[in-house]
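One letter stands for each residue in the lines below.
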2 protein chains.
Amino acid sequence: MTDRGASARPARRPTRQQQAITDLLERSEEFVSAQTFHARLRAAGERVGLATVYRTLQSMVEAGTVDVLRGDDGEAAYRACSTDHHHHLVCRSCAKTVEVEGPAVERWTDAVAAEHGFTQVTHTVEIFGTCAECAASTRTR
Amino acid sequence: MTDRGASARPARRPTRQQQAITDLLERSEEFVSAQTFHARLRAAGERVGLATVYRTLQSMVEAGTVDVLRGDDGEAAYRACSTDHHHHLVCRSCAKTVEVEGPAVERWTDAVAAEHGFTQVTHTVEIFGTCAECAASTRTR
DNA sequence: TCCCAGCGTGAGAATGATTGTCAAAACCGA
DNA sequence: TCGGTTTTGACAATCATTCTCACGCTGGGA
Ligand SMILES: [Zn+2]
Ligand SMILES: [Zn+2]
Ligand SMILES: [Zn+2]
Ligand SMILES: [Zn+2]
């Protein structure tokens with residue numbers, strides 16, 4: 001975490017399992033937990049171990065190609081994301097996600113931190129709500 | 001989470017254990033995990049069960065007198081906080097915490113959410129860094 | 001004051017996500 | 001193809017959190 005630009009560790013050797021994970025990841029629009037991810041792969045007929053799912057997702061997080069989010073219960077959820085810094089607007093009901101950017105927020109966090117003498121600043125900003133679709137279906141039900 | 005202003009459940013009966021927890025909570029400037037909290041109470045000679053620590057902290061969170069924060073490892077940390085909406089600037093090294101407010105951020109999150117048709121919006125914003133003191137001691141070592 | 005009904009406690013079991021272990025399988029360059 | 005290295009996966013181990021449920025305390029009524 002602290003040694004951001006450190007020398008990247010030797011790239012991971014590509015395998016069938018990693019390919020399956022990457023594929024499913026790219027087809028997912030929402031944040032998914034490792035457990036669910038594993039279940040879906042299995043359901044799709046892929047033969048992948050749970051440990052591998054965790055390992056692969058983790059290395060992708062470190063590589064910056066996947067974002068991780070902690071739900072209220074503390075369970076981690078993953079999603080393929082563009083590599084540049086951004087935040088998320090997540091539907092509490094269906095987990096659909098919109099990537100958003102906010103230069104103003106970036107500036108604000110840095111300013112606040114500096115103001116209090118903090119250095120090596122990072123931040124997390126997540127917005128949760130109910131998407132239009134889910135709101136509609138709830139109302140209709 | 002969704003039923004914010006719901007009728008508050010019958011207030012909890014005050015006990016020696018809850019008092020001990022409240023006291024320690026008010027003397028803590030930083031976010032502390034339930035496990036650590038329990039250990040400190042024990043170390044201080046208080047006889048309180050772990051389950052009670054969890055239960056009490058949780059009800060305080062629901063009551064809004066305590067804020068909860070999830071670390072990178074997913075472990076929850078608690079801290080007594082003023083009841084009005086605010087965010088935190090937390091030292092990654094000593095967990096010292098500063099409460100901060102940002103009207104601009106509040107407006108931004110609402111605007112972004114509305115823009116995408118999301119309703120019942122909430123958000124989390126946390127800033128992490130190294131406080132001046134910790135930075136100094138690290139440099140000195 | 002004595003007794004009873006309920007709520008709060010806490011030790012220990014249960015849960016469930018995540019991580020560790022390690023032998024077998026897959027890779028890849030020579 | 002061969003051999004050293006990396007990755008995998010079934011399973012065990014961790015560890016925070018929740019669940020269970022018998023027991024203690026409290027407050028009000030008899
Ligand atoms: Zn939705
Ligand atoms: Zn940002
Ligand atoms: Zn510090
Ligand atoms: Zn806010």
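Residues numbered from 1 in each chain as written. Chains lettered and ligands numbered in written order. Predicted model: local features only at pLDDT ≥ 70, side-chain atom pairs only at ≥ 80, totals over all residues. Heavy atoms only, no water.

**Describing the protein's contact with DNA strand D**
Argument step 1. Around DNA strand D, a shell composed of 20 residues is seen, among which Thr-52 and Arg-55 of chain A together with Gln-35, Tyr-54 and Gln-58 of chain B lie nearest.
Argument step 2. Counting only atoms of DNA strand D within 4 Å of the protein, the fraction found in sugar and phosphate groups is 73%.
Argument step 3. Contacts to DNA strand D include Arg-55 of chain A, whose side-chain N or O atom sits 2.6 Å from a base nitrogen.
Argument step 4. Between DNA strand D and Gln-58 of chain B, the relevant distance is 2.9 Å, taken from a phosphate oxygen to a side-chain nitrogen or oxygen of the residue.
Argument step 5. When contributions to the surface near DNA strand D are tallied by element, the ones reaching two or more residues are α1 (16-27) and α3 (50-63) of chain A together with α3 (50-63) of chain B. (Near = heavy atom within 4 Å. Polar contact = N/O pair within 3.5 Å; in protein donor to acceptor, adjacent residues only side chain to side chain. Helix = DSSP H or I, 4+ residues; strand = E, 2+ residues; numbered from the N terminus.)

**Let's talk about the domain arrangement of chain A**
All names here are of chain A.
Argument step 1. By the assigned domains, chain A splits into domain 1 (14-83) and domain 2 (84-141).
Argument step 2. For domain 1 and domain 2, the distance between their C-alpha centroids amounts to 21 Å.
Argument step 3. Each partner contributes residues to the interface: domain 1 has ten residues there, and domain 2 has twelve residues.
Argument step 4. Across the domain 1 to domain 2 interface the summed buried area is about 820 Å²; carbon plus sulfur atoms make up 51%.
Argument step 5. For the domain 1 face of the interface with domain 2, the top three residues by lost area are Phe-31, Leu-69 and Ser-82, together amounting to 46%.
Argument step 6. Counting across the domain 1 and domain 2 interface gives one salt bridge.
Argument step 7. Between Arg-79 and Glu-99 there is a salt bridge, with the nearest N and O atoms lying 3.0 Å from each other.
Argument step 8. Mapped onto the side of domain 1 that touches domain 2, the elements with two or more residues apiece are β2 (66-70) and β3 (76-80). (Domains from an automatic or database assignment. Contact = heavy atoms within 4.5 Å. Buried area = accessible area lost by both parts, 1.4 Å probe. Salt bridge = Lys/Arg side-chain N within 4 Å of Asp/Glu carboxyl O.)

**What to know about the coordination of the zinc ion (ligand 3)**
Each pair of donors in an ideal four-coordinate tetrahedral metal site encloses 109.5 degrees, whereas pairs in an ideal six-coordinate octahedral site enclose 90 or 180 degrees.
Argument step 1. Each protein donor to the zinc ion (ligand 3) is listed here as Cys-91 of chain B (SG), Cys-94 of chain B (SG), Cys-131 of chain B (SG) and Cys-134 of chain B (SG); together their distances run 2.2 to 2.4 Å.
Argument step 2. Positions of the donor residues of the zinc ion (ligand 3), expressed as sequence spacing, correspond to C-x2-C-x36-C-x2-C. (Donors = N, O, S within 2.8 Å, 3.2 Å for Na, K, Ca; no water.)

**A short note on the relation of the copies chain B and chain A**
Argument step 1. At an RMSD of 0.1 Å, chain B and chain A line up after a rotation of 180 degrees and a shift of 0.0 Å along the axis. Read as a symmetry element, the transformation amounts to a two-fold axis.
Argument step 2. The fraction of interface residues of chain B whose copies in chain A are also interface residues reaches 100%, indicating that both copies meet through the same surface. (Least-squares fit on C-alpha atoms with pLDDT ≥ 70 in both.)

**Some remarks on the interface of chain B and chain A**
Argument step 1. Each partner contributes to the interface: chain B provides 37 residues, whereas chain A provides 37 residues.
Argument step 2. For the pairing of chain B and chain A, the buried interface totals around 3000 Å² over both sides, and the portion due to carbon and sulfur atoms is 64%.
Argument step 3. For the pair chain B and chain A, the number of links is 14 residue pairs in polar contact (both at pLDDT 80 or more).
Argument step 4. Those elements that place two or more of their residues in the side of chain B that touches chain A are β4 (87-91), β5 (97-100), α4 (103-115), β6 (119-130) and α5 (132-140) of chain B.
Argument step 5. Tallying contributions element by element places β6 of chain B first for the side of chain B that touches chain A, with twelve residues.
Argument step 6. Relative to β6 of chain B, strand β6 (residues 119-130) of chain A runs antiparallel, the two sharing nine bridges. (Pairing = 2+ DSSP bridges.)

**So, α4 of chain B**
Argument step 1. Over its 13 residues, α4 of chain B extends 18 Å from the first C-alpha to the last, a length consistent with the 18 Å expected when each residue adds 1.5 Å.
Argument step 2. Among all positions of α4 of chain B, only Val-105, Glu-106, Trp-108, Thr-109, Val-112 and Ala-113 of chain B are buried. End-on view of α4 of chain B: buried residues confined to an arc of 165 degrees, all on one side of the axis. Of the exposed residues in α4 of chain B, the ones pointing more than 90 degrees away from its buried face are Pro-103, Arg-107, Ala-114 and Glu-115 of chain B.
Argument step 3. Where α4 of chain B is buried, its residues touch β4 (87-91), β5 (97-100), α4 (103-115) and β6 of chain A together with β4 and β6 of chain B. (Expected span 1.5 Å × (residues − 1). Buried < 20%, exposed > 50% of the residue type's maximum accessible area, 1.4 Å probe, protein only. Arc of directions from axis to C-beta.)

**What about the pairing of β5 of chain A?**
Residue and element names in this part refer to chain A.
Argument step 1. Where β4 and β5 come together, four bridges link them in antiparallel fashion. By the bridge assignment for β5, His-87 is matched with Val-100.
Argument step 2. Remark: five residues form the turn of the hairpin made by β4 and β5, two consecutive strands paired antiparallel; Ala-95 in that turn has positive phi of roughly 65 degrees.

**Side note on the nonpolar core**
Argument step 1. Counting residues in each nonpolar core, the largest one holds 24 residues, and the members touching the most others are Leu-89 and Trp-108 of chain A together with Leu-89 and Trp-108 of chain B.
Argument step 2. Contributing elements (two or more residues each) for this core: β4, α4 and β6 of chain A together with β4, α4 and β6 of chain B.
Argument step 3. In this structure Trp-108 of chain A touches Val-100, Glu-101, Gly-102, Val-105, Val-125 and Ile-127 of chain B, once residues within four positions along its chain are discounted. (Core = buried A, V, L, I, M, F, W, Y, C linked by side-chain atoms within 4.5 Å.)

**What about the pattern of salt bridges?**
All names here are of chain A.
Argument step 1. In total, this model carries eight salt bridges over all chains according to the counting rule given.
Argument step 2. The partner of Arg-40 in a salt bridge is Glu-30, and the shortest N-O contact between them spans 3.8 Å. You can see Arg-40 sitting in helix α2 (residues 34-43) and its partner Glu-30 sitting in the loop between α1 and β1 (32-33), a full ten residues away along the chain.
Argument step 3. Judged by relative accessible area, which is 18%, Glu-30 ranks as buried.
Argument step 4. Ionic contacts of the salt-bridge type, sharing partners, join the residues Glu-29, Arg-79 and Glu-99 into one network.

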